[in-house]
Amino acid sequence: MNKIFCWFFIFLLMAGCYRSNNPQKVAEIFLHDISTGNFRHARKYVTPNTLSYLINAESILPPHDSIKSHPVFYKIEKIEMNGDTARCDIIWDETKENLLIIRQQGRWLVDLNI
């Protein structure tokens, strides 16, 4: 019985990791977090270079609660993959933008390349 429970736990753990290990899912999670002001959670989905920009944005933008009640509209239009890079075309608050999502050490991460 313990062996079955162990395998079930490993399966759940792997399934949880897989869900956010593709560019589409990473873009969805990142955009949702940013649009609702959840910068702390968004940190898990960015490259080290982007992390510093995220921390700075968090310090100058309104508190999480005020953004959460008025989230920014966003829509993912398309994602084009090319090896370890994916370009995500989005609409962010009625403006066309794009995100660069790169694979680093097996994980897809947003790179704002500012």
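Residues numbered from 1 in each chain as written. Predicted model: local features only at pLDDT ≥ 70, side-chain atom pairs only at ≥ 80, totals over all residues. Heavy atoms only, no water.

**Considering the overall build of the chain**
Within the chain, the secondary structure is distributed over five helices and four strands. Contacts in the chain between residues at least 24 apart in sequence constitute 43% of all its contacts with a sequence separation of at least 6. Total accessible area on the chain stands at roughly 8,000 Å², and carbon and sulfur atoms take up 58% of it. (Helix = DSSP H or I, 4+ residues; strand = E, 2+ residues; numbered from the N terminus. Contact = heavy atoms within 4.5 Å. Areas by Shrake-Rupley, 256 points an atom, 1.4 Å probe, with all protein chains shown as cover.)

**Examining helix H2 (residues 23-35)**
Taking 1.5 Å per residue, 13 residues should reach 18 Å; H2 reaches 18 Å between its end C-alpha atoms and fits that length. Those residues of H2 that fall on the buried side of the exposure criterion are Pro23, Val26, Ala27, Ile29, Phe30, Leu31, Asp33, Ile34 and Ser35. Its side-chain oxygen at 3.2 Å from the backbone nitrogen of Gln24, Asn22 defines the N-terminal cap of H2. Directly beyond the C-terminal end of H2, a positive phi value near 80° is found at Gly37. (Expected span 1.5 Å × (residues − 1). Buried < 20%, exposed > 50% of the residue type's maximum accessible area, 1.4 Å probe, protein only. Polar contact = N/O pair within 3.5 Å; in protein donor to acceptor, adjacent residues only side chain to side chain.)

**Here's the deal with the pattern of salt bridges**
A complete count under the given rule lists four salt bridges for this structure. Residue Arg43 pairs with Glu58 through a salt bridge whose shortest N-O separation is 2.7 Å. On the criterion of sequence distance, the pair formed by Arg43 in the loop between helix H3 (39-42) and helix H4 (48-60) and Glu58 in helix H4 is long-range, its members being 15 residues apart. According to the relative accessible area criterion, Glu58 is partly exposed, its value standing at 25%. With a closest N to O distance of 2.9 Å, Lys78 and Glu80 form a salt bridge. (Salt bridge = Lys/Arg side-chain N within 4 Å of Asp/Glu carboxyl O.)

**Re the confidence of the model for the chain**
Summing up the model confidence of the chain, the mean pLDDT is 81 and the portion of residues at 70 or higher is 73%. Looking over the chain, one finds the lowest element-wise mean pLDDT in helix H1 (residues 2-19), namely 45, and the highest in strand E4 (residues 107-111), namely 97. A low-confidence stretch, residues 5-18 stays under pLDDT 50, and its non-local contacts, those more than four residues away or across chains, total zero contacts. (pLDDT = per-residue confidence, 0-100.)

**Looking at the sheet that holds strand E2 (residues 85-92)**
With antiparallel pairing, the four strands of this open sheet are ordered in space as E1-E2-E3-E4. The two strands at the open ends of the sheet, each matched to only one other strand, are strand E1 (74-82) and E4. The mean inter-strand angle of the sheet, taken between neighbouring strand axes irrespective of direction, is 25°. In this sheet, E2 lies alongside E1 in antiparallel orientation, the contact comprising eight bridges. Paired with Ile76 across the two strands is Ile90, which belongs to E2. (Pairing = 2+ DSSP bridges. Axes fitted to C-alpha atoms, helices over the stretch in contact; angles between N-to-C directions.)

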